[in-house]
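# Structure at a glance
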Amino acid sequence: MEQSNPTVKPAFDVCVLLPCYNNQAGLRTSVESVSYYPGKLSMVIVDDGSKSPVKVEALVGAGGFPFSVYVVRLEKNSGITEALNTGLRWIEANLTVRYIARLDAGDVCKEDRFYRQVEFLEQNPQVGLLGSWCVFQNPSTGFHYTYTTPTQHGAILSEMHSRNVFIHPTVMFRTELVPLVGLYPTDFPHVEDYALFFKMLHQTKGAILDKTLVTCEINSKGISISNRKAQLKGRQRVISEFGVNAFQKLVGKSKVYLLRLLPYQVILLIKNKLSSGKV
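This part covers the overall build of the protein. From N to C terminus, the protein includes 11 helices and 9 strands. Counting every position in the protein, which comprises 279 residues, the buried fraction comes to 49%. Taking contacts inside the protein between residues at least 6 apart in sequence as the whole, the part at least 24 apart equals 80%. Accessible surface, the protein: about 13,200 Å² in total, of which carbon and sulfur atoms supply 53%.

Take a look at the structure:
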């Protein structure tokens, strides 16, 4: 595993945690979409054992970027949970940051994403976990839909009893939450983010910006789609473990069970029609 260990930890407003496995083209697209005040943002890329190792020089090119990029390499593919936890541990050991943000290779940030999210967290100290609306898009076919959610803590907590309101690549959270709730749980495969965010909501308030600040790539070979059945079963476990309202837990698990019965393409079609206002 490649890493540095500076004597004095560099300090940043935000650190973007970005895992990557054999998707350097998507990674470069994502890195190039990041914008924030020069010198105030850092990025930790966890190379999860890619066949061709990720190199900072290949990403930034001759022009460079106005932020610091670090690559942490795992010698073998260890899965998304281990990659994310490796990144969190590296950040804690090597950097001083107020906020940790997420992004996945292939996803694209709006230019004002990090400005808006940091500003909101600065103005709302009671909120520790922040997401945004987003657009899911298949870059090959052009198929897309907008993912919207409740925006206030009470409604978010209620909705979490049936789905993960926080789309992972849109999230930013306060670094101080990590010692309180721990790393991504390793006993909730495919829904480690859902479990972590539910745990965070037991310690802090959550919020969602009603702006589409990220375009998330729909990849038929991606983790979420290829493991959909296991993911839905995992969602039911998360609801059972972290839900706080017995009735909402029952309703939420029933909704997830119904989703398990529907083909994924049907779900996508419904989402597309709902987001376009056709139904």
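Attention shifts here to the pairing of strand 7 (residues 144-147). Only one face of strand 7 is buried: it carries Tyr145 and Tyr147, and the other face, with His144 and Thr146, is open. Sheet topology places strand 6 (residues 127-137) next to strand 7; 4 bridges connect them, and they run antiparallel. Bridged to phenylalanine 136 within strand 7 is tyrosine 145. Connecting strand 6 to the next strand, strand 7, in antiparallel fashion are 6 residues, including glycine 142 with a positive phi near 85°.

Bringing helix 3 (residues 80-94) into the picture now. Across its 15 residues, helix 3 extends 21 Å between first and last C-alpha, which sits within 8% of the 21 Å expected from 1.5 Å per residue. Along helix 3, the residues that are buried comprise Thr81, Ala83, Leu84, Asn85, Thr86, Gly87, Leu88, Trp90, Ile91 and Asn94. Packing partners of the buried residues in helix 3 comprise strand 1 (11-20), strand 2 (41-48), strand 3 (68-74), strand 4 (96-102), strand 8 (172-174) and helix 7 (192-201).

Attention shifts here to the nonpolar core. If you look at soluble globular proteins, the nonpolar side chains tend to sit buried side by side. In terms of nonpolar packing, the biggest core is built from 43 residues, with Val44, Leu95, Met160, Phe166 and Phe173 touching the most fellow members. Among the elements that make up this core, the one with the highest residue count is helix 7 (7 residues). Ranked by size, the runner-up nonpolar core spans 39 residues in total, among them Leu27, Tyr36, Met43 and Val69.

A few words now on the pairing of strand 4. Side chains on a regular strand alternate between the two faces of the sheet. Where burial is concerned, most of strand 4 is hidden: 5 out of the 7 residues are buried. One ladder, built from 6 bridges, connects strand 1 with strand 4; its direction is parallel. Across the sheet, phenylalanine 12 pairs through a bridge with valine 97, a residue of strand 4. Relative to strand 8, strand 4 runs antiparallel, the two sharing 3 bridges. Looking at strand 8, one finds that isoleucine 100 is bridged to phenylalanine 173.

Take the environment of asparagine 85 next. For asparagine 85, the position within the fold is in helix 3. By relative accessible area, which is 2% here, asparagine 85 ends up buried. With 99 residues separating them in the primary sequence, asparagine 85 and tyrosine 184 have C-alpha atoms 6.2 Å apart. When near neighbours in sequence (up to four residues on either side) are disregarded, asparagine 85 contacts Leu183, Tyr184 and Thr186.

Inspection of the secondary structure puts cysteine 134 in strand 6. Overall, the relative accessible area of 0% leaves cysteine 134 in the buried class. Separated by 78 residues in sequence, cysteine 134 and threonine 212 have C-alpha atoms that sit 4.3 Å apart. Excluding residues within four positions of it along the chain, cysteine 134 makes contact with Tyr145, Thr146, Tyr147, Ile167, Thr170, Thr212, Val214 and Cys216.

Moving on, we come to the packing of aromatic side chains. Considering all chains together, one arrives at 11 aromatic pairs under this definition. Between the aromatic rings of phenylalanine 136 and tyrosine 147, the centroid separation amounts to 6.0 Å while the plane-to-plane angle is 80°, which identifies the pairing as edge-to-face. Placement of phenylalanine 136 in strand 6 and of tyrosine 147 in strand 7 is noted, with a sequence separation of 11 residues between them. If you follow arginine 237 out to its NZ or CZ, it ends over the ring of phenylalanine 188, 4.3 Å from the centre.

Now for the confidence of the model for the protein. Averaged over every residue, the pLDDT of the protein is 89; the share at 70 or more is 87%. Low confidence marks residues 1-6, where pLDDT is under 50. Its contacts with residues over four positions away, or in another chain, come to 16 contacts.

So, about the packing of helix 7 against helix 9 (residues 228-242). The description of two packed helices rests on the angle between their axes and on the distance between the axes. Their axes nearest at 10 Å, the elements helix 7 and helix 9 cross at an angle of 20°. With respect to helix 9, the axis of helix 7 lies roughly parallel. You can see that helix 7 and helix 9 cross each other, and the crossing is right-handed. Along its contact with helix 7, which presents Tyr194, Ala195, Phe198 and Lys199, the element helix 9 presents Arg235, Val238, Ile239 and Phe242.

Scoring rules and cut-offs
- Residues numbered from 1 in each chain as written.
- Predicted model: local features only at pLDDT ≥ 70, side-chain atom pairs only at ≥ 80, totals over all residues.
- Heavy atoms only, no water.
- Helix = DSSP H or I, 4+ residues; strand = E, 2+ residues; numbered from the N terminus.
- Buried < 20%, exposed > 50% of the residue type's maximum accessible area, 1.4 Å probe, protein only.
- Contact = heavy atoms within 4.5 Å.
- Areas by Shrake-Rupley, 256 points an atom, 1.4 Å probe, with all protein chains shown as cover.
- Pairing = 2+ DSSP bridges.
- Expected span 1.5 Å × (residues − 1).
- Core = buried A, V, L, I, M, F, W, Y, C linked by side-chain atoms within 4.5 Å.
- Phe/Tyr/Trp six-rings, centres within 6.5 Å; stacked < 30°, edge-to-face > 60°.
- Lys NZ or Arg CZ within 6 Å of the ring centre and 35° of its normal.
- pLDDT = per-residue confidence, 0-100.
- Axes fitted to C-alpha atoms, helices over the stretch in contact; angles between N-to-C directions.
- Parallel < 35°, antiparallel > 145°, perpendicular 65-115°, else oblique.
- Left-handed = near helix turned anticlockwise from the far one by under 90°.

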